[in-house]
Amino acid sequence: LPFFAPGPDGSDQMMLMTAIVMAVGVVILGVIFFTIHSLPERMAHRTKKVQMELVAALCLLALLSQVHAFWIAALLLALIDVPTLARPVERIAGSLERMAGRVQDDEAVLPVTGAAAGEPEARSGDGAAGQSRQEV
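Let us look at the structure shown here. In this text the structure is predicted, and so the values were computed from the model without any measurement.

1. Structural notes on the packing of aromatic side chains
Here is step 1: Overall, the coordinates contain one aromatic pair when judged by the stated rule.
Here is step 2: Judged by centre distance (5.4 Å) and plane angle (65 degrees), the ring pair of Phe33 and Phe34 falls under edge-to-face.
Here is step 3: Exposure remark for Phe34: the relative accessible area of 49% places this residue in the partly exposed category.

Laid out in structure tokens, this is it:
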């Protein structure tokens, strides 16, 4: 008898092997499907995109509704860097802080001036101290 024929005791090796291969195959295909499906969300999280939450919502919507247009939109949003209005405003605020002599998080990058260098800190109403700082 061939190896795939059931034995006299009723054991079917071919059915057992087929069941094992099918179970492993379904698990592997499920892992691959969910990995590809979450690809836009992971890309947006990795690059710290502004539209990260929108990409995550589109991925979840595509997963639950099986509408592939949502996944394609999420992938495009994850790849495109959408400009924000906050970026120029943050740069302006950082420049103004540097001009005023205030130091925030990037202390090592900015030169040390004012009270940090040992000079007395100028008050807003003290015009002479402000002029001496500008002259130095």
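So, next bit.
2. Brief notes about helix α5 (residues 86-100)
Here is step 1: Between its first and last C-alpha, α5 extends 21 Å over 15 residues, near the 21 Å set by a 1.5 Å rise per residue.
Here is step 2: Following α5 by one or two positions, Gly101 has its phi on the positive side, about 90 degrees.

3. Overview of the nonpolar core
Here is step 1: Within the largest apolar cluster, seven residues are counted, these being Met43, Ala44, Val55, Leu58, Cys59, Ala74 and Ala78.
Here is step 2: The set of elements that each furnish at least two residues to this core consists of α2 (39-46), α3 (52-65) and α4 (68-79).
Here is step 3: For this core, the element with the most residues is α3, which contributes three residues.
Here is step 4: Those residues within four positions of Ala44 in sequence are excluded, and the remaining contacts are Lys49, Met52, Val55 and Ala78.

4. So, the packing of helix α1 (residues 13-37) against α3
Here is step 1: Between α1 and α3, the least distance of the axes is 10 Å, while the angle of their chain directions is 140 degrees. For the pair α1 and α3, contact is made by Phe33, Phe34 and His37 and by Cys59, Ala62 and Leu63, respectively.
Here is step 2: The class makeup of the residues in the contact of α1 with α3 is five nonpolar, one polar and no charged.

5. A look at α3
Here is step 1: An ideal rise of 1.5 Å per residue puts 20 Å on 14 residues; α3 measures up with 20 Å between its terminal C-alpha atoms.
Here is step 2: Those residues of α3 that sit buried are Val55, Ala56, Leu58, Cys59 and Ala62. Projected onto a plane normal to the axis of α3, the buried residues spread over an arc of 165 degrees and lie on a single side. α3 presents Glu53 and Leu64 as exposed residues on the side facing more than 90 degrees away from its buried surface.

Conventions and cut-offs
- Residues numbered from 1 in each chain as written.
- Predicted model: local features only at pLDDT ≥ 70, side-chain atom pairs only at ≥ 80, totals over all residues.
- Heavy atoms only, no water.
- Phe/Tyr/Trp six-rings, centres within 6.5 Å; stacked < 30°, edge-to-face > 60°.
- Buried < 20%, exposed > 50% of the residue type's maximum accessible area, 1.4 Å probe, protein only.
- Helix = DSSP H or I, 4+ residues; strand = E, 2+ residues; numbered from the N terminus.
- Expected span 1.5 Å × (residues − 1).
- Core = buried A, V, L, I, M, F, W, Y, C linked by side-chain atoms within 4.5 Å.
- Contact = heavy atoms within 4.5 Å.
- Axes fitted to C-alpha atoms, helices over the stretch in contact; angles between N-to-C directions.
- Nonpolar A, V, L, I, M, F, W, Y, C, P; charged D, E, K, R; others polar.
- Arc of directions from axis to C-beta.

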